[in-house]
Amino acid sequence: MSSHAEEHLVTPAHEARRALWVVAAVALLLRVAFLLLEPAVGPVADERTWTDGARQVASVRVGLDAFKTHLLIFHPPLYTYFLAVPFRLWGTFEAAKWIQVVVTALLVLILGRLGFRVFGPRVGLVAAAMAALYPELVWFASHFWVENVFVVLLWWAMERLLAADEEGRWPTAAVAGVLWGLAILARETGLYFIPFAVLWLVFRAPRPGGRARAAAFTLAALLTVAPWTYRNWAVFHAFVPVSTAGGLNLFQGNARLSRQEVYDLYYAVEGKIEQYRYARSEGLRVVRERQPTWFFEKLREQMPRFWEAESMAVIHVKRGAYGPVRPWVAVAVAGVMLLPYLTILGLFVAGLAVGSYDRVKILLLGFLVYYNLIHVATHGFNRYRLPVMPAVFLFAAVGWVAVRSKSFRVPGWTRKVAALLVALVFALSVAPSIRMHLRHPV
């Protein structure tokens, strides 16, 4: 092959990589600008859970030693330490915010690389641009929620997992396992996807050695989590792999009681481990009692909460976290936050309709479905969908490229029917929240 032909083949990939770095730089600048320009606002609601925990862990009494506190059991520890270490060094959470802004911008590079690998440079760049410009992610980077770190670790692990599968290298699978283990230490929901990832690595692998890669991934993930499991055993004398929040979430999401009634029953039990066991057993009992219609009832209840047209930024405005705001400002914030979300959902449906499928894309969609169902089984909320938005961006980017090509066509009646069903599910899921916004726009 001539050097001219080789240059013609290499240049587009090289240009795409350069463009990805530009998109990542834009993402970082946007997050820095918002951090500097956002109106003054302190930690609100659940944010205080993380900041108060970080203060305690960073205190002179605890000194970052997890064995000296009973605090770290309800939530996984990683994000608390992410905030506590800078707080201990500089005595302020502002330093953690700056670190977080940089970390969250890394998602753009990770998603772009993953997109290049699975969908090609054009789709990868569009998906990266969506992550860079998505208003909710820009806003979140300046606030104290675990999703900021969890999403980056999770999708970095996913990118390395796909690289290990494509390249046939078990060391890369081990790196993916370490990252996945760190993601689990940020939010436990990643733990239960490991068996699916292992089966995916083992069966129908394009290269031999799938079992070795699966073993390396699993062992690395479990060894990353194991020290924390040992700490829980040493401090609480009970087997708690990561945290106890799952018990209360299961109980709260299934009991036909108000949130306050569930909390009253939960906190009436003495002891953190006893509370966990009580909530878990009560949650499982309620699930059994609600059979055989439980799954369909939960879909009806939780899908509109998970996919609602709502935003934590809009909720902050509603709660008065920024102080009194004029009605037009509240409406503008809602428009800036929600219109991109609804547009991306539409493009996601289009991408599903026209895209091609292989085992890698099925894994990405499988993770999206898995994570959605985790919150159907417990309870949904708009913040909880952030970890699957990168998958939504990828398929929405497929839809964007197809629409922009001016040759958009859904192949076959099966695809058309499937796309209409997915669109219907999303429409039914977002309709209640849109109706609420229209009735109470301020």
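Since this is a predicted model, take the numbers as computed values, not measurements. Residue indices begin from 1 for each chain and proceed along its sequence in written order. Where local features are concerned, this predicted model is filtered to residues with pLDDT of at least 70; where side-chain atom pairs are given and counted, the filter is 80 or more; whole-chain, interface and lining totals use all residues. For the side-chain quantities, the full set of heavy atoms in the structure was used; hydrogens and water were omitted.

*Asks:* Mind showing me how you'd approach the overall build of the protein chain here?
*Replies:* To qualify as a helix, a DSSP run of H or I must reach at least 4 residues; to qualify as a strand, a run of E must reach at least 2; elements of each kind are numbered from the N terminus. Along the backbone of the protein chain there are 19 helices and zero strands. Over its C-alpha atoms the protein chain spans a radius of gyration of 22 Å, differing by no more than 12% from the 22 Å that the globule rule assigns to 442 residues. Across its three principal directions, the C-alpha atoms of the protein chain cover 75 × 55 × 55 Å. Counting all 442 residues of the protein chain, 52% fall into the buried class. Taking the intrachain contacts of the protein chain between residues at least 6 apart in sequence as the baseline, contacts between residues at least 24 apart amount to 79%. Accessibility throughout is a Shrake-Rupley quantity obtained with a 1.4 Å probe, and a residue counts as covered only by protein chains that appear here. Carbon and sulfur atoms make up 67% of the accessible area of the protein chain, which totals about 20,900 Å². Separation of charge centres in the protein chain, based on 45 positive and 27 negative side chains, amounts to 4 Å. Radius of gyration: over C-alpha atoms. The globule rule applied is 2.2 Å multiplied by the number of residues raised to the 0.38 power. Each residue gets one of three labels from its accessible area relative to the maximum for its type: buried under 20%, exposed over 50%, partly exposed in between, using a 1.4 Å probe on protein chains only. The contact definition used throughout considers only heavy atoms, calling two residues in contact when any of these lie within 4.5 Å. Counted as positive: Lys and Arg. Counted as negative: Asp and Glu. His and the chain ends are not counted at all. The location of each charge is read from NZ of Lys, CZ of Arg, CG of Asp or CD of Glu.

*Asks:* Sorry, what's going on with the confidence of the model for the protein chain here?
*Replies:* Low-confidence regions, as indicated by low pLDDT, have predicted coordinates that should not be scrutinised in detail. You can read pLDDT as the predictor saying how much it trusts each residue, on a scale of 0 to 100. For the protein chain, the mean per-residue pLDDT works out to 93, and 96% of the residues sit at or above 70. In the predicted structure, residues 1–11 sits below a pLDDT of 50 and forms two contacts with residues beyond four places in sequence or in another chain.

*Asks:* Would you mind going over a nonpolar patch on the surface with me for this structure?
*Replies:* Surface patches are defined over residues having more than 30% relative accessible area and no salt bridge, joining like charges when they lie within 9 Å and nonpolar side chains (Val, Leu, Ile, Met, Phe, Trp, Tyr) when within 5 Å. By definition here, a salt bridge exists when the distance from a side-chain nitrogen of Lys or Arg to a carboxyl oxygen of Asp or Glu is within 4 Å. A contiguous nonpolar surface patch, about 320 Å² in accessible area, is contributed by Val22, Val26, Leu30 and Leu133. When residues of the nonpolar patch are assigned to their parent elements, the largest contribution, three residues, is made by helix 1 (residues 3–37). Checked against the element boundaries, Val26 lands in helix 1.

*Asks:* Which parts of the structure should I look at to understand the packing of aromatic side chains?
*Replies:* Aromatic ring pairs are defined here through the distance separating the ring centres and the angle between the ring planes. Between the rings of Phe, Tyr and Trp (Trp by its six-membered ring), a pair exists once the centres lie within 6.5 Å; its type follows the angle of the planes, with under 30 degrees stacked, over 60 edge-to-face, and the other angles tilted. Across all of its chains, the model carries 30 aromatic pairs by this definition. Between the aromatic rings of Trp180 and Phe217, the centroid separation amounts to 5.8 Å while the plane-to-plane angle is 75 degrees, which identifies the pairing as edge-to-face. With Trp180 in helix 8 (residues 170–184) and Phe217 in helix 10 (residues 210–236), the pair connects residues that are 37 residues apart, well separated along the chain. Here the two residues Trp180 and Phe217 agree in accessibility, since each one is buried. Connected via pairs of aromatic rings, a cluster forms that spans Phe150, Trp155, Trp180, Phe193, Phe196, Phe217, Phe367, Tyr370 and Tyr371. Here, a charge over a ring means that NZ of Lys or CZ of Arg falls within 6 Å of the ring centre while also lying within 35 degrees of the ring normal. Sitting over the face of the ring of Tyr341, Arg385 holds its NZ or CZ atom 4.0 Å from the ring centroid. Sitting above the plane of the Trp413 ring, Lys416 keeps its charged end 4.8 Å from the centroid.

*Asks:* How should the packing of helix 9 (residues 194–202) against helix 17 (residues 359–377) be read in this particular structure?
*Replies:* How two helices sit against one another is set out by the angle between their axes and by the gap between those axes. Here an angle of 0 to 180 degrees is reported between the N-to-C directions of two axes, which are lines fitted to C-alpha atoms, with helices fitted over the stretch in contact. It is at 11 Å that the axes of helix 9 and helix 17 come closest, and there the two elements cross at 170 degrees. What the angle tells us is that helix 9 and helix 17 run roughly antiparallel. Contacts between helix 9 and helix 17 involve Phe196, Trp200 and Leu201 from the former and Arg359, Val360, Leu363 and Tyr370 from the latter. Residues are grouped as follows: nonpolar covers Ala, Val, Leu, Ile, Met, Phe, Trp, Tyr, Cys and Pro; charged covers Asp, Glu, Lys and Arg; every other residue, Gly included, is treated as polar. Across the contact of helix 9 with helix 17, the residue classes break down as six nonpolar, no polar and one charged. By definition in this entry, angles of less than 35 degrees are roughly parallel, angles greater than 145 are roughly antiparallel, angles of 65 to 115 are roughly perpendicular, and the rest are oblique.

*Asks:* Explain the nonpolar core to me, please; I cannot follow it from the model alone.
*Replies:* Proteins that are soluble and globular tend to have nonpolar side chains buried together. Residues enter a nonpolar core if they are buried and are Ala, Val, Leu, Ile, Met, Phe, Trp, Tyr or Cys, with the set joined through side-chain atoms within 4.5 Å. Of all hydrophobic cores here, the largest spans 124 residues; its most connected members are Trp155, Phe217, Trp307, Leu364 and Phe393. Those residues in contact with Phe393, other than ones at most four positions away along the chain, are Leu111, Ala127, Met130, Ala131, Tyr134, Leu137 and Ile344.

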